[in-house]
Amino acid sequence: MNVLELIKTRKDSGKKTLALLIDPDKYREEDFLQLKNLACFEAVDILLVGGSLIVGAYFSQTVQSLKLHCPGLPLVIFPGSNMHLDASADGILFLSLISGRNPDLLIGQHVVVAPILKKSQLEILPTGYMLIEGGKQTTVSYISNTTPIPADKPEIAACTAMAGEMLGLQMIYADAGSGAQVPITSKMVQFIRRAIQVPLWIGGGIRTPQKALELYKAGADVLVLGNIGEENRVTLEAILAQKKKLVE
Ligand code: 1GP
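Residues numbered from 1 in each chain as written. Predicted model: local features only at pLDDT ≥ 70, side-chain atom pairs only at ≥ 80, totals over all residues. Heavy atoms only, no water.

Here we look at the layout of surface pockets
Part 1: Volume-wise, the second largest pocket comes out at about 270 Å³.
Part 2: Around the second largest pocket sit 16 residues that line it, and Lys 26, Asp 31, Gly 229, Glu 230 and Arg 233 are the ones nearest its centre.
Part 3: Counting residues per element, the ones that place at least two in the lining of the second largest pocket are β1 (17-22), α2 (29-36), α9 (227-231) and α10 (233-247). (1 Å grid on protein atoms, 1.4 Å probe; cavity = no way out; pocket = protein on both sides within 12 Å on 5 of 7 lines; lining within 4 Å. Points joined across faces, edges and corners; volume = space filled by probe spheres on them. Helix = DSSP H or I, 4+ residues; strand = E, 2+ residues; numbered from the N terminus.)

What follows is the structure, encoded as structure tokens:
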């Protein structure tokens, strides 16, 4: 089953999906192996690798290490630019930054990388990426040179997602950005959910089991956890354990 089918099948049967985002700059194999051996790790459905700015040269090494240790788990690239590619992954979020008005990230980089992706075996996941204001300027906002959608304007987020779906994008990912002070509100998630049928990804600043549950209940199909995995392993385990128990 490919990644999109997996997410849609889970969505259709009322199951929520959890994606763990691994930053190649912070990946430590021994730490990951400890996490992988915990019972709650079963709650992870997708491994995402990437970020808007990758400083080190460990992108491919990280993808290959994760694939080696988790051969059965879909591994999806979350690219910050068209340089973030590795053929060992299963798929790539082919992101169009629809909340912004930077043509390079709406279509420009896609044109450059399209022939390379065409020759690869990677599953292409056309995804409308919406950056939502999350309390402070994030790396992705700075690097992408785009203004996030204001956190208290759920109708803008809903209309943007609607337009993305109408353009044929297969998923919508609303992101407050890595390390956001404030995650996306449940109200905004509800607005977006009512506006679209395609799977909805939500991420950025999710740091408690309560918030994760709230966002799932508001209509998120996929939650992305990034920083919490690096900053607070105990909380990450609590969120995973809760997702395993309450949502499955
Ligand atoms: C960022 O949505 C992801 O693009 C994850 O954010 O690192 O804040 O969990 P965090």
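Description of the environment of Val 44
Part 1: Among the secondary structure elements, Val 44 is positioned in the loop between α2 and β2 (46-50).
Part 2: Between the alpha carbons of Val 44 and Pro 126 there is a distance of 22 Å; along the sequence they are 82 residues apart.
Part 3: For Val 44, the residues in contact, after removing those within four places along its chain, are Leu 18, Leu 20, Leu 73 and Leu 240. (Contact = heavy atoms within 4.5 Å.)

Observations regarding the site of the ligand
Part 1: Residues in contact with the ligand amount to 14 residues; listed here are only the nearest, Asp 175, Gly 179, Gly 205, Gly 226 and Asn 227.
Part 2: Note that an oxygen atom of the ligand is positioned 2.7 Å from one of the backbone N or O atoms of Gly 179.
Part 3: Taking Gly 205, its main chain carries an N or O atom lying 2.8 Å from an oxygen atom of the ligand.
Part 4: Look at the ligand: alone it shows 310 Å² of surface, and the protein chains cover 97% of it.
Part 5: Looking at the shell around the ligand residue by residue, the classes come out as five nonpolar, eight polar and one charged. (Near = heavy atom within 4 Å. Polar contact = N/O pair within 3.5 Å; in protein donor to acceptor, adjacent residues only side chain to side chain. Areas by Shrake-Rupley, 256 points an atom, 1.4 Å probe, with all protein chains shown as cover. Nonpolar A, V, L, I, M, F, W, Y, C, P; charged D, E, K, R; others polar.)

Overview of the nonpolar core
Part 1: Leu 20, Phe 41, Leu 47, Met 130, Ile 192 and Ile 202 are the most contacted members of the largest nonpolar core, which has 58 residues in total.
Part 2: Setting aside chain neighbours within four positions, we find Leu 20 in contact with Leu 35, Phe 41, Val 44, Ile 46, Leu 47, Leu 48, Leu 225 and Leu 236.
Part 3: In this structure, Leu 125, Trp 201, Val 222 and Val 224 belong to the second largest nonpolar core, which totals 22 residues. (Core = buried A, V, L, I, M, F, W, Y, C linked by side-chain atoms within 4.5 Å. Buried < 20%, exposed > 50% of the residue type's maximum accessible area, 1.4 Å probe, protein only.)

As for helix α8 (residues 209-218)
Each turn of an α-helix holds 3.6 residues, which means side chains three or four residues apart point in the same direction.
Part 1: Among the residues of α8, those classed as buried are Pro 209, Lys 211, Ala 212, Leu 215, Tyr 216 and Ala 218.
Part 2: Downstream of α8 by a residue or two, Gly 219 has a phi angle that is positive, lying close to 130°.

Focus: the sheet that holds strand β4 (residues 91-97)
Part 1: Ordered by their spatial adjacency, eight strands build a closed barrel running β1-β2-β3-β4-β5-β6-β7-β8, and the pairing between neighbours is parallel. Ignoring which end each strand starts from, the neighbouring axes of this sheet average 30° apart.
Part 2: The sheet contact formed by β2 and strand β3 (residues 75-78) spans four bridges and is parallel. Bridge pairing in β3 places Gly 50 opposite Phe 78.
Part 3: The strands touched by helix α1 (residues 3-12) are β1, β2, β3, β5 (123-131), β6 (171-175), β7 (200-203) and β8 (222-225); relative to β5, the strand with the most contacts, the crossing angle is about 60°.
Part 4: With respect to the sheet, helix α4 (residues 103-119) is in contact with β4 and β5, its orientation differing from that of β4 by roughly 155°. (Pairing = 2+ DSSP bridges. Axes fitted to C-alpha atoms, helices over the stretch in contact; angles between N-to-C directions.)

Quick word on the pattern of salt bridges
Part 1: In this structure the tally under the stated criterion is eight salt bridges.
Part 2: Ionic pairing is found between Lys 243 and Asp 45, a salt bridge with its closest N-O pair at 2.8 Å. Of this pair, Lys 243 sits in helix α10 while Asp 45 sits in the loop between α2 and β2; the two residues are 198 residues apart in sequence, bridging distant segments of the chain. A single burial state applies to Lys 243 and to Asp 45, both of which are buried.
Part 3: A salt bridge links Arg 193 to Asp 221; the shortest N-O distance between them is 2.5 Å. Of this pair, Arg 193 sits in helix α7 (residues 186-195) while Asp 221 sits in the loop between α8 and β8, and the two are 28 residues apart along the sequence. Take Arg 193 and Asp 221: they sit in the same class, and that class is buried.
Part 4: Taken together, the shared-partner salt bridges in this structure form one network comprising Arg 10, Asp 45 and Lys 243. (Salt bridge = Lys/Arg side-chain N within 4 Å of Asp/Glu carboxyl O.)

Brief notes about α4
Part 1: With 17 residues, α4 extends 24 Å from end C-alpha to end C-alpha; this agrees with the ideal 24 Å at 1.5 Å per step.
Part 2: The sharpest bend along α4 comes to roughly 50°, located at Val 113, with the proline Pro 115 sitting one to four residues further on.
Part 3: Along α4, the residues that are buried comprise Leu 105, Gln 109, His 110, Val 113 and Leu 117.
Part 4: As for α4, its buried residues are in contact with β4, β5 and α5 (139-144).
Part 5: Between the side-chain oxygen of the N-cap and the backbone nitrogen of Asp 104 there are 3.0 Å, and the N-cap of α4 in question is Asn 102. (Expected span 1.5 Å × (residues − 1). Bend = angle between axes of the 7 residues up to and from the residue.)

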